[in-house]
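Here is how the chains run, residue by residue.
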Amino acid sequence: MSQLLKDKTALVLGLANRWSLAYSIARAFRREGAQLILTYQGERQKDTVEELARELTASRLISCDVTQEHDIQHLSEILRGEGDKLDAVVHSIAFANKEDLARPFYETSREGFLLAQEVSCYSLVAVARAVAPVMTEGGAIMTLSYLGSQRVMTNYNVMGVAKAALEASVRYLASELGSQNIRVNAISAGPVKTASARGIKDFSKILDRVTETAPLRRPTDPEEVADSAVFLASHLGRGVTGNILYVDSGYQIMGF
Ligand code: NAP
């Protein structure tokens, strides 16, 4: 076994269930020897996430709603209190109102626009600020993005704009945290059937299109996303920062 993350501790935010990309990433990190700290949002997911945390032998499970400043502050205090260094952070969080994903983009409400930006983009900035002080030997922060940040994708609308801001935030954070040897990257994953993806109208059509036209002629496997996250978190990714790494069967190179 390669154990690429032996002696490393990773914080994974955004694990809701077995279909979450965060779950595949946490499992791959564990396989590679990392100690895990997991967060979840609120009571609704608590039982499921507790079961998954046991399965993954996570050392801590912390409730953190990223829209709540005191939750982020609490997370930061717990991490500092542990006295251990943190080596990798996975931000796998996004949210937009379902109706804002379905209606024309120009009809997005102010409230819906700001909510999508707050949860899906600003939270990365807030989390980076909370974790940087405990990444005392440097490390890797990564987030999850989607091609809708660069191209107009049907029914992605307000989330595409949030992902564009997220990818720009990756570059600014990478530029500022690089002097602490903290690398910041995004994985732009191809479509995967998860709870969040179910909120996107006609998602199965998007999946079919990738399978038909992507260079690899197959949909994205969450384990491929997870293995790329291992690469970014490990010594192998030490020269990579400020990048958007596409793990999407090559779909993003195709012109339509
Ligand atoms: P998921 O399992 O639904 O994960 C999304 C996570 O965000 C959930 O754990 C959700 O918690 C959490 N979240 C939402 N609002 C939050 C808040 N205020 N505070 C804390 N956590 C909050 O779906 P996923 O597909 O794995 O999504 C993970 C990331 O991958 C997202 O950034 C998504 O945009 C990105 N991505 C997904 C795909 C895809 O096709 N699935 C492709 C490219 C990128 P609750 O469930 O408790 O609300």
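Everything below is about the structure printed above this text.
Keep in mind it's a predicted model, so treat the numbers as computed, not measured.

Moving on: the overall build of the chain. A tally of regular secondary structure across the chain gives nine helices and seven strands. Taken against the 2.2 N^0.38 rule, which gives 18 Å for 256 residues, the C-alpha radius of gyration of the chain at 17 Å falls within 12% of a compact globule. Dimensions of the chain, computed from C-alpha atoms along their principal axes, come out at roughly 50 × 40 × 40 Å. Counting only residues that meet the buried cut, the chain has 51% of its 256 residues in that class. Put simply, of all contacts in the chain between residues at least 6 apart along the chain, 75% involve residues at least 24 apart. Summing over all exposed atoms, the chain offers an accessible surface of approximately 12300 Å²; the carbon and sulfur share of this is 51%. Side-chain charges in the chain split into 28 positive and 30 negative, and the spacing between the mean points of these groups amounts to 4 Å.

Let us now look at the packing of helix H5 (residues 110-131) against helix H6 (residues 157-177). Running from amino to carboxyl end, H5 crosses H6 at an angle of 20°, the nearest separation of the two axes being 9 Å. The angle between the axes of H5 and H6 places the two elements in the roughly parallel class. As H5 runs across H6, the sense of the crossing is right-handed. Residues Gly112, Phe113, Ala116, Gln117, Ser120, Cys121, Leu124, Val125 and Ala128 of H5 form the contact with H6, whose own contacting residues are Val158, Met159, Val161, Ala162, Ala165, Leu166, Ser169, Val170, Leu173 and Leu177.

Sheet strands line up and pair through hydrogen bonds in the backbone, either parallel or antiparallel. Overall, parallel pairing links the seven strands, which are arranged S3-S2-S1-S4-S5-S6-S7 in an open sheet. Unpaired on one side and paired on the other, strand S3 (60-63) and strand S7 (244-247) mark the two borders of the sheet. Across the sheet, the mean angle from the axis of one strand to that of its neighbour is 20°, orientation sign disregarded. Relative to strand S4 (residues 88-91), strand S1 (residues 9-13) is paired through four bridges, and the arrangement is parallel. Across the sheet, residue Leu11 finds its bridge partner in S4, namely Val89. Along the sheet, helix H3 (residues 69-82) contacts S1, strand S2 (35-40) and S3; its crossing angle with S3, the most-contacted strand, is approximately 155°.

The environment of the ligand is made up of 30 residues, and the closest members are Ser20, Leu21, Val192, Thr194 and Ser196. A distance of 2.7 Å is found between an oxygen atom of the ligand and a backbone nitrogen or oxygen belonging to Val192. Relative to its unbound accessible area of 880 Å², the ligand is 92% covered by the protein chains. Because more than half of its atoms lie within 2 Å of the grid, the ligand is assigned to the largest pocket. No other element matches the three residues that helix H7 (residues 195-198) contributes to the shell around the ligand. Broken down by class, the residue content of the shell around the ligand amounts to 17 nonpolar, ten polar and three charged.

To continue, consider the environment of Met142. Counting through the fold element by element, Met142 comes out in strand S5 (residues 139-145). Along the chain, Met142 and Ala16 lie 126 residues apart, while their C-alpha atoms are 18 Å from each other. Not counting residues up to four positions away in its chain, the partners in contact with Met142 are Phe29, Val89, Val90, His91, Asn185, Ala229, Leu232 and Ala233.

Now for the layout of surface pockets. Over the atoms, a rolling probe the size of a water molecule traces out where space has been left empty. Counted as a void, the largest pocket has a volume near 1300 Å³. Lining of the largest pocket is provided by 49 residues; of these, Ile93, Ala94, Phe95, Ala195 and Ser196 occupy positions nearest its centre. Element by element, the count of residues in the lining of the largest pocket is highest for H7, at four residues. When its residues are assigned to classes, the lining of the largest pocket shows 26 nonpolar, 18 polar and five charged.

Another point: unusual backbone geometry. For Asn157, which is not glycine, the phi dihedral falls at a positive 35°. With respect to the secondary-structure elements, Asn157 resides in helix H6. Positive phi is not limited to glycine here, since Ser249 has a value of about 60°. Tracing the backbone through its elements, the reader meets Ser249 in the segment after S7. Ser249 gets classed as buried once you look at its relative accessible area, which sits at 7%.

Here the focus is the pattern of salt bridges. What the rule picks out here adds up to eleven salt bridges. Residue Asp7 is joined to Lys6 by a salt bridge in which the shortest nitrogen-to-oxygen separation is 3.8 Å. Of the charged contacts, one joins Glu32 and Arg31 as a salt bridge, the two residues approaching to 3.0 Å between their closest N and O atoms. Under the relative-accessibility criterion, Glu32 is labelled buried at 5%.

Calculation criteria
Residues numbered from 1 in each chain as written. Predicted model: local features only at pLDDT ≥ 70, side-chain atom pairs only at ≥ 80, totals over all residues. Heavy atoms only, no water. Helix = DSSP H or I, 4+ residues; strand = E, 2+ residues; numbered from the N terminus. Rg over C-alpha atoms; globule rule 2.2 N^0.38 Å. Buried < 20%, exposed > 50% of the residue type's maximum accessible area, 1.4 Å probe, protein only. Contact = heavy atoms within 4.5 Å. Areas by Shrake-Rupley, 256 points an atom, 1.4 Å probe, with all protein chains shown as cover. Lys, Arg positive; Asp, Glu negative; His and termini not counted. Charge placed at Lys NZ, Arg CZ, Asp CG, Glu CD. Axes fitted to C-alpha atoms, helices over the stretch in contact; angles between N-to-C directions. Parallel < 35°, antiparallel > 145°, perpendicular 65-115°, else oblique. Left-handed = near helix turned anticlockwise from the far one by under 90°. Pairing = 2+ DSSP bridges. Near = heavy atom within 4 Å. Polar contact = N/O pair within 3.5 Å; in protein donor to acceptor, adjacent residues only side chain to side chain. 1 Å grid on protein atoms, 1.4 Å probe; cavity = no way out; pocket = protein on both sides within 12 Å on 5 of 7 lines; lining within 4 Å. Sits in = over half its atoms within 2 Å of the grid points. Nonpolar A, V, L, I, M, F, W, Y, C, P; charged D, E, K, R; others polar. Points joined across faces, edges and corners; volume = space filled by probe spheres on them. Salt bridge = Lys/Arg side-chain N within 4 Å of Asp/Glu carboxyl O.

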